[in-house]
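Observations on the model geometry
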Amino acid sequence: MIHIEHNYLTSEAYSFVENYCLNVSYTYGKSDVVGQIPTGLVHELDKESEIVSYFPTLCHGLPMAECSINFFSPREYPNFHCDHTSGYTCLFYINKESHDLNEGGCTEIYVEGEKCLTSVLPIRNSFVTFPATNLHRATSFKTQPRFTIAVSYTHLRAHETSLHLVCRLLLE
(Lines give C-alpha, C1' and ligand atoms only; values in the text may rest on other atoms or scores of the structure.)
Protein backbone atom coordinates (compact mmCIF):
# COMPACT_ATOMS: atom_id res chain seq x y z
CA MET A 1 0.00 0.00 0.00
CA ILE A 2 1.25 3.47 -0.87
CA HIS A 3 0.39 6.39 1.40
CA ILE A 4 0.94 10.03 0.34
CA GLU A 5 0.77 13.01 2.66
CA HIS A 6 0.82 16.41 0.92
CA ASN A 7 1.93 19.68 2.58
CA TYR A 8 3.92 17.61 5.05
CA LEU A 9 6.12 20.35 6.52
CA THR A 10 5.33 23.91 7.50
CA SER A 11 6.56 26.47 4.96
CA GLU A 12 9.32 27.54 7.37
CA ALA A 13 10.55 23.95 7.87
CA TYR A 14 10.30 23.26 4.14
CA SER A 15 12.41 26.34 3.33
CA PHE A 16 15.07 25.20 5.81
CA VAL A 17 15.18 21.71 4.25
CA GLU A 18 15.23 23.06 0.69
CA ASN A 19 18.07 25.49 1.47
CA TYR A 20 20.05 22.71 3.15
CA CYS A 21 19.59 20.40 0.13
CA LEU A 22 20.70 23.10 -2.30
CA ASN A 23 23.86 23.97 -0.34
CA VAL A 24 25.15 20.75 1.21
CA SER A 25 27.99 18.68 -0.28
CA TYR A 26 27.23 15.35 -1.96
CA THR A 27 29.24 12.25 -2.73
CA TYR A 28 28.92 9.88 -5.66
CA GLY A 29 25.76 7.81 -5.24
CA LYS A 30 25.65 4.37 -3.73
CA SER A 31 24.63 1.32 -5.70
CA ASP A 32 21.24 0.00 -4.65
CA VAL A 33 21.90 -3.43 -6.15
CA VAL A 34 25.20 -5.30 -6.24
CA GLY A 35 26.67 -5.10 -9.73
CA GLN A 36 24.66 -2.06 -10.80
CA ILE A 37 26.27 1.28 -11.50
CA PRO A 38 25.42 3.88 -8.84
CA THR A 39 23.18 6.73 -9.93
CA GLY A 40 22.88 10.22 -8.55
CA LEU A 41 24.63 11.84 -5.65
CA VAL A 42 23.91 11.28 -1.98
CA HIS A 43 24.31 13.08 1.32
CA GLU A 44 23.90 10.89 4.41
CA LEU A 45 22.02 12.62 7.22
CA ASP A 46 22.91 12.17 10.88
CA LYS A 47 19.90 10.90 12.83
CA GLU A 48 20.42 13.77 15.29
CA SER A 49 20.24 16.48 12.61
CA GLU A 50 17.46 19.04 12.53
CA ILE A 51 16.26 17.81 9.15
CA VAL A 52 15.83 14.24 10.40
CA SER A 53 13.83 15.57 13.36
CA TYR A 54 11.10 16.62 10.90
CA PHE A 55 10.35 12.98 10.09
CA PRO A 56 8.78 10.30 12.32
CA THR A 57 11.14 8.26 14.48
CA LEU A 58 8.82 5.25 14.03
CA CYS A 59 6.82 4.02 11.05
CA HIS A 60 4.34 1.18 11.68
CA GLY A 61 6.27 0.48 14.89
CA LEU A 62 9.65 0.18 13.15
CA PRO A 63 12.60 2.47 14.01
CA MET A 64 14.24 4.81 11.54
CA ALA A 65 17.25 2.98 10.10
CA GLU A 66 18.78 5.60 7.81
CA CYS A 67 18.08 8.92 6.16
CA SER A 68 19.77 10.52 3.16
CA ILE A 69 19.28 13.18 0.52
CA ASN A 70 19.36 11.95 -3.07
CA PHE A 71 20.30 14.36 -5.83
CA PHE A 72 19.74 13.32 -9.44
CA SER A 73 20.99 15.28 -12.42
CA PRO A 74 18.66 15.66 -15.40
CA ARG A 75 18.29 12.57 -17.60
CA GLU A 76 19.85 10.04 -15.23
CA TYR A 77 18.50 6.50 -15.51
CA PRO A 78 18.19 4.93 -12.05
CA ASN A 79 17.64 1.21 -11.57
CA PHE A 80 14.77 -0.59 -9.87
CA HIS A 81 15.68 -1.82 -6.40
CA CYS A 82 14.27 -2.84 -3.01
CA ASP A 83 15.58 -0.98 0.02
CA HIS A 84 15.22 -3.81 2.55
CA THR A 85 13.74 -7.27 3.00
CA SER A 86 11.26 -5.80 5.49
CA GLY A 87 10.07 -2.42 6.73
CA TYR A 88 9.06 0.79 4.99
CA THR A 89 10.58 3.37 2.68
CA CYS A 90 9.51 7.01 2.90
CA LEU A 91 10.35 9.68 0.36
CA PHE A 92 10.09 13.43 0.81
CA TYR A 93 10.15 15.62 -2.30
CA ILE A 94 12.05 18.92 -2.59
CA ASN A 95 11.17 20.28 -6.02
CA LYS A 96 9.70 23.28 -7.82
CA GLU A 97 6.27 24.46 -6.71
CA SER A 98 4.52 23.33 -9.87
CA HIS A 99 5.13 20.05 -11.62
CA ASP A 100 5.10 19.69 -15.39
CA LEU A 101 4.05 16.14 -16.28
CA ASN A 102 6.27 16.25 -19.36
CA GLU A 103 9.30 16.90 -17.14
CA GLY A 104 9.13 13.38 -15.64
CA GLY A 105 10.70 12.73 -12.27
CA CYS A 106 8.08 10.32 -10.96
CA THR A 107 8.85 7.61 -8.44
CA GLU A 108 7.86 4.33 -10.04
CA ILE A 109 6.78 1.64 -7.58
CA TYR A 110 6.09 -1.95 -8.63
CA VAL A 111 3.08 -3.32 -6.76
CA GLU A 112 3.68 -7.08 -6.65
CA GLY A 113 0.15 -8.35 -5.96
CA GLU A 114 -1.35 -6.11 -8.61
CA LYS A 115 1.48 -6.71 -11.12
CA CYS A 116 1.54 -3.06 -12.10
CA LEU A 117 3.69 0.05 -11.81
CA THR A 118 2.37 2.99 -9.84
CA SER A 119 3.89 6.37 -10.64
CA VAL A 120 3.97 8.88 -7.81
CA LEU A 121 4.35 12.49 -8.90
CA PRO A 122 7.23 14.27 -7.13
CA ILE A 123 4.96 16.95 -5.69
CA ARG A 124 6.80 19.49 -3.57
CA ASN A 125 6.51 18.96 0.20
CA SER A 126 4.91 15.50 -0.09
CA PHE A 127 5.82 12.49 2.07
CA VAL A 128 5.29 9.07 0.47
CA THR A 129 5.35 5.78 2.41
CA PHE A 130 5.41 2.27 0.92
CA PRO A 131 6.75 -1.20 1.82
CA ALA A 132 10.56 -1.36 1.51
CA THR A 133 10.18 -4.70 -0.27
CA ASN A 134 8.53 -3.03 -3.29
CA LEU A 135 10.77 -2.60 -6.29
CA HIS A 136 11.00 1.11 -7.05
CA ARG A 137 13.09 3.80 -8.70
CA ALA A 138 13.15 7.57 -8.64
CA THR A 139 13.27 8.75 -12.21
CA SER A 140 15.05 12.00 -12.95
CA PHE A 141 13.65 15.15 -14.51
CA LYS A 142 14.44 15.99 -18.14
CA THR A 143 15.89 19.48 -17.58
CA GLN A 144 16.31 20.14 -13.85
CA PRO A 145 17.87 18.45 -10.83
CA ARG A 146 15.69 16.31 -8.55
CA PHE A 147 16.05 16.18 -4.76
CA THR A 148 14.47 13.53 -2.56
CA ILE A 149 14.99 12.75 1.10
CA ALA A 150 14.84 8.98 1.56
CA VAL A 151 14.01 7.61 5.01
CA SER A 152 13.98 3.89 5.74
CA TYR A 153 12.33 2.18 8.68
CA THR A 154 13.40 -1.34 9.57
CA HIS A 155 15.23 -3.39 12.14
CA LEU A 156 17.62 -4.26 9.31
CA ARG A 157 20.58 -2.23 8.15
CA ALA A 158 20.94 -1.36 4.47
CA HIS A 159 20.89 -4.52 2.31
CA GLU A 160 20.91 -6.74 5.42
CA THR A 161 18.80 -9.92 5.35
CA SER A 162 16.84 -11.34 8.30
CA LEU A 163 19.59 -13.93 8.74
CA HIS A 164 22.22 -11.16 8.92
CA LEU A 165 20.10 -9.43 11.57
CA VAL A 166 19.94 -12.55 13.76
CA CYS A 167 23.71 -13.01 13.49
CA ARG A 168 24.38 -9.34 14.24
CA LEU A 169 22.12 -9.35 17.29
CA LEU A 170 23.75 -12.53 18.61
CA LEU A 171 27.19 -10.94 18.24
CA GLU A 172 26.21 -7.62 19.88
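Predicted, not measured: the structure shown is a model, and the values here were computed from it.

Digging into the overall build of the protein chain
Each helix and strand in the protein chain was counted, giving 3 helices and 11 strands. In the protein chain, the succession of α and β elements from N to C terminus is β-α-β-β-α-β-β-β-β-β-β-β-β-α. Taking all 172 residues of the protein chain together, 44% fall into the buried category. Contacts in the protein chain between residues far apart in sequence, at least 24 positions, make up 78% of those at least 6 positions apart.

Description of the pattern of salt bridges
In the structure shown here, the tally under the stated rule is 2 salt bridges. Between Glu18 and Arg124 there is a salt bridge, with its nearest N and O atoms 3.7 Å apart. Here Glu18 is found in helix α1 (residues 11-23), whereas its partner Arg124 is found in the loop between β8 (116-120) and β9 (127-131), with 106 residues between them in sequence. Judged by relative accessible area, Arg124 falls into the partly exposed class, the value being 22%. Close ionic contact of Glu108 with Arg137 constitutes a salt bridge, the shortest N to O distance being 2.7 Å. Note that Glu108 is positioned in strand β7 (residues 107-111) and Arg137 in strand β10 (residues 136-138), a separation of 29 residues in sequence. Classification of Glu108 by relative accessible area gives buried; the value is 16%. Owing to a relative accessible area of 25%, Arg137 belongs among the partly exposed residues under this scheme.

Remarks on the packing of aromatic side chains
As enumerated under the stated definition, the model contains 10 aromatic pairs in all. Taken together, a centroid distance of 4.5 Å and an interplanar angle of 20 degrees make the contact between Tyr8 and Phe127 stacked. On the criterion of sequence distance, the pair formed by Tyr8 in the loop between β1 (3-5) and α1 and Phe127 in strand β9 is long-range, its members being 119 residues apart. With respect to burial, Tyr8 and Phe127 carry one shared label: buried. Counting every residue linked through ring pairs, the aromatic cluster contains Tyr8, Tyr14, Phe55, Phe92 and Phe127.

Focus: the nonpolar core
In this structure, Phe55, Phe92 and Ile149 are the most contacted members of the largest nonpolar core, which totals 26 residues. Per element, the largest residue contribution to this core is 5 residues, and it comes from strand β5 (residues 62-72). Residues within four places of Ile149 in sequence aside, it is in contact with Val17, Cys21, Leu45, Ile51, Phe55, Cys67, Ser68, Ile69, Cys90, Leu91, Phe92 and Ile94. One finds Tyr93, Val120, Val128 and Phe130 within the second-largest nonpolar core, a separate group that totals 7 residues.

Comments concerning α1
Across its 13 residues, α1 extends 18 Å between first and last C-alpha, which sits within 8% of the 18 Å expected from 1.5 Å per residue. Those residues of α1 that sit buried are Ala13, Tyr14, Val17 and Cys21. For α1, the arc enclosing every buried residue in end-on projection is 100 degrees, short of the 170-degree limit, so these residues lie on one face. Away from its buried face, by an angle of more than 90 degrees, α1 presents the exposed residues Ser11, Glu12, Leu22 and Asn23. The secondary structure elements touched by the buried residues of α1 are α2 (50-53), β5, β6 (88-94) and β11 (146-153).

Calculation rules
- Residues numbered from 1 in each chain as written.
- Predicted model: local features only at pLDDT ≥ 70, side-chain atom pairs only at ≥ 80, totals over all residues.
- Heavy atoms only, no water.
- Helix = DSSP H or I, 4+ residues; strand = E, 2+ residues; numbered from the N terminus.
- Buried < 20%, exposed > 50% of the residue type's maximum accessible area, 1.4 Å probe, protein only.
- Contact = heavy atoms within 4.5 Å.
- Salt bridge = Lys/Arg side-chain N within 4 Å of Asp/Glu carboxyl O.
- Phe/Tyr/Trp six-rings, centres within 6.5 Å; stacked < 30°, edge-to-face > 60°.
- Core = buried A, V, L, I, M, F, W, Y, C linked by side-chain atoms within 4.5 Å.
- Expected span 1.5 Å × (residues − 1).
- Arc of directions from axis to C-beta.

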